[in-house]
Amino acid sequence: MKYKIVKEKHRTLKNYGKYRAKAVHHHTISQADLEEEITANCSAKAADVRLVLTELAEAMSCHLKHGDRVKINGIGTFKLDIVSVCRDKASEVSLPRDLRKVQVHFIPESKNGVKTLYEGVKYVREK
């Protein structure tokens, strides 16, 4: 995994002026790329892989929108979280008026406290 060192530039943040590591991403792997890779590594046909990935995306989206968590063995669990405006009283909070955003929360699978998704990652600093 490639990373660079960046300086926090937002004056309102408590870490303003300090340095931190930030991941660098040069490529985006598309569904078509995954389909080709999976087809090359198993006996499934490209059309079958495409069908399964498309159905997976639709099923996950449907369940997430209904408030379910979606767990995929070997990867982890996905759920939707709400970020909203804070009010003084519970009765004053109203959606969608106070909605700031909905975001996907991903929890990597772990075994014995070790997140398997991160196991074996090599870190390389970019200049």
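These notes cover the structure that comes with them. (Residues numbered from 1 in each chain as written. Predicted model: local features only at pLDDT ≥ 70, side-chain atom pairs only at ≥ 80, totals over all residues. Heavy atoms only, no water.)

Here we look at the nonpolar core
Core analysis: the largest hydrophobic core is formed by 5 residues, namely M60, L64, V70, I72 and F78. Going through the elements one at a time, α2 (46-65) and β3 (70-72) are the ones with two or more residues in this core. Apart from the residues lying within four places of it in its own chain, the contact partners of L64 are V70, F78, K79 and L80. (Core = buried A, V, L, I, M, F, W, Y, C linked by side-chain atoms within 4.5 Å. Buried < 20%, exposed > 50% of the residue type's maximum accessible area, 1.4 Å probe, protein only. Helix = DSSP H or I, 4+ residues; strand = E, 2+ residues; numbered from the N terminus. Contact = heavy atoms within 4.5 Å.)

Section: unusual backbone geometry
Each neighbour pair has its own omega, and for L95 with P96 the value is 10 degrees, a cis peptide bond. Of note, P96 is situated in the loop between β4 (76-84) and β5 (99-108).

Quick word on a nonpolar patch on the surface
A surface patch of nonpolar side chains, about 520 Å² in accessible area, is lined by L80, I82, L95, L99, V102 and V104. The set of elements that each furnish at least two residues to the nonpolar patch consists of β4 and β5. Looking at the nonpolar patch element by element, the count peaks at 3 residues for β5. Within the element layout of this structure, L95 appears in the loop between β4 and β5. (Patch = residues over 30% accessible without salt bridge, like charges linked within 9 Å, V, L, I, M, F, W, Y side chains within 5 Å. Areas by Shrake-Rupley, 256 points an atom, 1.4 Å probe, with all protein chains shown as cover. Salt bridge = Lys/Arg side-chain N within 4 Å of Asp/Glu carboxyl O.)

What about the pairing of strand β1 (residues 2-7)?
Strand residues, when the strand is regular, have side chains that alternate between the two faces of the sheet. Bridge analysis of β1 against strand β8 (residues 124-125) gives 2 bridges, and the strand direction is parallel. Note that in β8 the partner of K2 across the bridge is V124. Here β1 runs beside strand β2 (residues 19-23); their pairing, made up of 5 bridges, is antiparallel. Looking at β2, one finds that V6 is bridged to R20. (Pairing = 2+ DSSP bridges.)

Side note on the packing of aromatic side chains
Applying the stated criterion across every chain yields a total of 1 aromatic pair. Considering the side-chain rings of F78 and F106, the 4.8 Å spacing of their centres and the 35 degrees angle between planes classify their relative orientation as tilted. A residue pair is termed long-range when its members are at least 10 positions apart, and F78 in strand β4 and F106 in strand β5 qualify at 28 residues. A relative accessible area of 17% means that F78 is categorised as buried. (Phe/Tyr/Trp six-rings, centres within 6.5 Å; stacked < 30°, edge-to-face > 60°.)

Things to note about the packing of helix α1 (residues 31-41) against α2
Think of two packed helices as two axes; the pair is described by the angle between the axes and how far apart they sit. Remark: α1 packs on α2, axes separated minimally by 9 Å, with the N-to-C direction vectors making an angle of 130 degrees. By the angle between their axes, α1 is oblique relative to α2. In the crossing of α1 with α2, the sense of the turn from one axis to the other is right-handed. Along its contact with α1, which presents Q31, L34, E35, I38 and T39, the element α2 presents A46, V49, R50, L53 and T54. (Axes fitted to C-alpha atoms, helices over the stretch in contact; angles between N-to-C directions. Parallel < 35°, antiparallel > 145°, perpendicular 65-115°, else oblique. Left-handed = near helix turned anticlockwise from the far one by under 90°.)

Concerning the sheet that holds β3
Read from one edge to the other, the open sheet built from 3 strands follows the order β3-β4-β5, with strand pairing classed as antiparallel. Either end of the sheet is taken by a strand with one partner, and the two such strands are β3 and β5. Each strand of the sheet is rotated relative to its neighbour by a mean of 25 degrees, with strand direction disregarded. Where β4 lies against β5, 9 bridges are found, and the strand directions are antiparallel. The residue bridging K79 from the neighbouring strand is H105, located in β5.

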